[in-house]
Amino acid sequence: MGFRTEGVKKARMWKDDAEESRLHCGELLIARSNTPDLVGRVALFNGEMSDVVASDLTIRLRPRENLTAEFLTAYLSHLFLTGYWRARASGASGTMKKITRSHLASLAIPVPPPVEQRGIASRLRKQMAEVERARTAVQAQLDASQVLSTALLRAHFADPTAQRWPHRRLGDIAEVAGGMQKTPNRAPRLFHKQFLTVRNVQRGYLNLTNVERFEVTPAEFERLRLQRGDLLIVEGNGSVDHIGRNALFNEDGEWIHQNHIIRVRLPKDQFVPEFVSSYLNSDAGRAQMTEKAKSTTGLYTLSTKKVAALEIPAPPLEMQRELAARVIEERPAVEQLRQSLELRLSAIEHLPGALLRQAFFPA
């Protein structure tokens, strides 16, 4: 690039004592202790809020001499997005990593003239704003595609005929069970299986783009092994809109599931799993799960006991098959739209890294 490089000593680093923990405009915060995917993440404090105090899990930087804050933020963001800190962070745990002031002090950074730094930062600011506008637009379309799926289910279950169906308590007719807790000692070694987590279970489908593997004993696997037709229900989420979202498991291979996912195994001679999944993802099913998920603390979470208490419609098996077939017939168009939008969103989310790389290492 032709820039001279100097160490991050050009940016002052603080000790995190109480006297000097208040943030000032133009200072940077770097996550020094976090998960592997977040360690080294950087943010620039713009001073819009007063009396903000830095966490002891961060390292503070203030650029000085001829180094501008926005330029330094952009360069450190580039390192973060390319996995620089994830590869160099220390820590025996697979779930928590950390970087130190020594890591930063020994880091060489490009230092072009201040006017060029400001030009690079200005271009990146405009480009990132465009990326964010595009991301927001596509995310809104993706959210709308999920609403479309819900609208189709509403049409089926709001029908006057559906209101007259008898109902059965889920715990009376199905096996309801929890899963396995994620712990560091479950890292794959000798007997490990594919492991579904909350992020894999979306409303009406499984997202298998990122699947973990966890160690189990043969006895645990026998108890937890998923079967085709199992209904997987998310017990809790940060948003009440996602409480109880569920999907059917219809995969080949050997799989288990996380303890934050509740497995419902239905008797196939009485219920069509696709029908039950569709009902629980409909407005009526979601309203029932939200009501059951309420707690005295104001949080929303389900449990095996609460799921077992859910009441589901129980029309004749042939009627269940007919409605399930209609849902399946309608799903491909919605699914194709969703996948297309997710691909666009994924491409947009990779743009910041590409733009930063181009800014600092142009071809």
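The structure this text deals with has already been given above.
A short tour of the structure in this document, coming up. From a predicted model like this one, the values you see are computed outputs, not experimental measurements.

Rules used throughout
- Residues numbered from 1 in each chain as written.
- Predicted model: local features only at pLDDT ≥ 70, side-chain atom pairs only at ≥ 80, totals over all residues.
- Heavy atoms only, no water.
- Helix = DSSP H or I, 4+ residues; strand = E, 2+ residues; numbered from the N terminus.
- Contact = heavy atoms within 4.5 Å.
- Areas by Shrake-Rupley, 256 points an atom, 1.4 Å probe, with all protein chains shown as cover.
- Core = buried A, V, L, I, M, F, W, Y, C linked by side-chain atoms within 4.5 Å.
- Buried < 20%, exposed > 50% of the residue type's maximum accessible area, 1.4 Å probe, protein only.
- Arc of directions from axis to C-beta.
- Pairing = 2+ DSSP bridges.
- Salt bridge = Lys/Arg side-chain N within 4 Å of Asp/Glu carboxyl O.
- Axes fitted to C-alpha atoms, helices over the stretch in contact; angles between N-to-C directions.

Secondary structure assignment for the protein chain yields twelve helices and 17 strands. Considering only residue pairs separated by 6 or more positions, the protein chain has 78% of its internal contacts joining residues 24 or more positions apart. Of the roughly 19,300 Å² of accessible surface on the protein chain, a fraction of 52% belongs to carbon and sulfur atoms.

Another aspect to go through is the nonpolar core. In this structure, Ile233 and Leu280 are the most contacted members of the largest nonpolar core, which totals 31 residues. Mapped by element, the contributors of at least two residues to this core are helix H4 (114-157), helix H6 (170-173), strand S13 (230-234), strand S16 (261-265), helix H8 (273-281), helix H9 (283-293) and helix H11 (317-349). Here Leu280 is in contact with Arg203, Leu231, Ile233, Asn246, Gly285, Arg286, Met289, Leu310 and Ile312, once residues within four sequence places are set aside. Among the nonpolar cores identified, the runner-up in size contains 26 residues, and Leu28, Trp85, Leu107 and Leu124 belong to it.

Before going further, it helps to examine helix H12 (residues 351-360). The α-helix advances 3.6 residues per turn, and as a result positions three or four apart in sequence lie on the same side. What H12 keeps buried is the set Pro352, Gly353, Leu356, Ala359 and Phe360. Buried residues in H12, looked at end-on, bunch into an arc of 125 degrees, giving them a common side.

Let us look at the pairing of strand S3 (residues 28-31). What you see with S3 is no split at all: Leu28 and Ile30 on one side and Leu29 and Ala31 on the other are buried throughout. Here S3 runs beside strand S5 (residues 42-44); their pairing, made up of three bridges, is antiparallel. The residue bridging Leu28 from the neighbouring strand is Leu44, located in S5. Taken together, the four bridges between S3 and strand S6 (residues 58-63) define a ladder with antiparallel strand orientation. Note that in S6 the partner of Leu28 across the bridge is Leu61.

It is worth spelling out the side chain of Asn200 at this point. With respect to the secondary-structure elements, Asn200 resides in the loop between strand S11 (192-196) and strand S12 (212-215). Non-local contacts of Asn200, meaning those with residues more than four positions away in its chain, are made with Phe195, Tyr205, Leu206, Asn207, Leu208, Asn210 and Val211.

Attention shifts here to the pattern of salt bridges. Inspection of the entire model under this criterion finds 17 salt bridges. Its salt-bridge partner being Arg263, residue Glu175 comes within 2.2 Å of it at the nearest N-O pair. In this pair, Glu175 is assigned in strand S10 (residues 175-177) and Arg263 in strand S16, connecting sequence segments 88 residues apart. Relative accessible area serves as the criterion here: at 2%, Arg263 is assigned to the buried category. A salt bridge links Arg228 to Asp252; the shortest N-O distance between them is 3.3 Å. Taken as a pair, Arg228 in the loop between helix H7 (218-224) and S13 and Asp252 in the loop between strand S14 (246-249) and strand S15 (255-257) lie far apart in primary sequence, 24 residues in all. Under the relative-accessibility criterion, Arg228 is labelled partly exposed at 46%.

On to the environment of Gln227, then. Of note, Gln227 is situated in the loop between H7 and S13. Once the C-alpha coordinates of Gln227 and Trp255 are considered, the two residues, 28 residues apart in sequence, prove to be 8.4 Å apart. Excluding residues within four positions of it along the chain, Gln227 makes contact with Phe249 and Arg265.

Spatially, S10-S16-S13-S14 is the arrangement adopted by the four strands of the open sheet, whose pairing is antiparallel. Looking at strand neighbours, the two that pair on one side only are S10 and S14, the edges of this open sheet. With direction set aside, neighbouring strand axes in the sheet form an average angle of 25 degrees. As judged from the three bridges shared by S10 and S16, these two strands associate in the antiparallel manner. What sits directly across from Val176, in S16, is Val264. Sitting on the sheet, H8 is in contact with S13 and S14, with an inclination near 165 degrees to S14.

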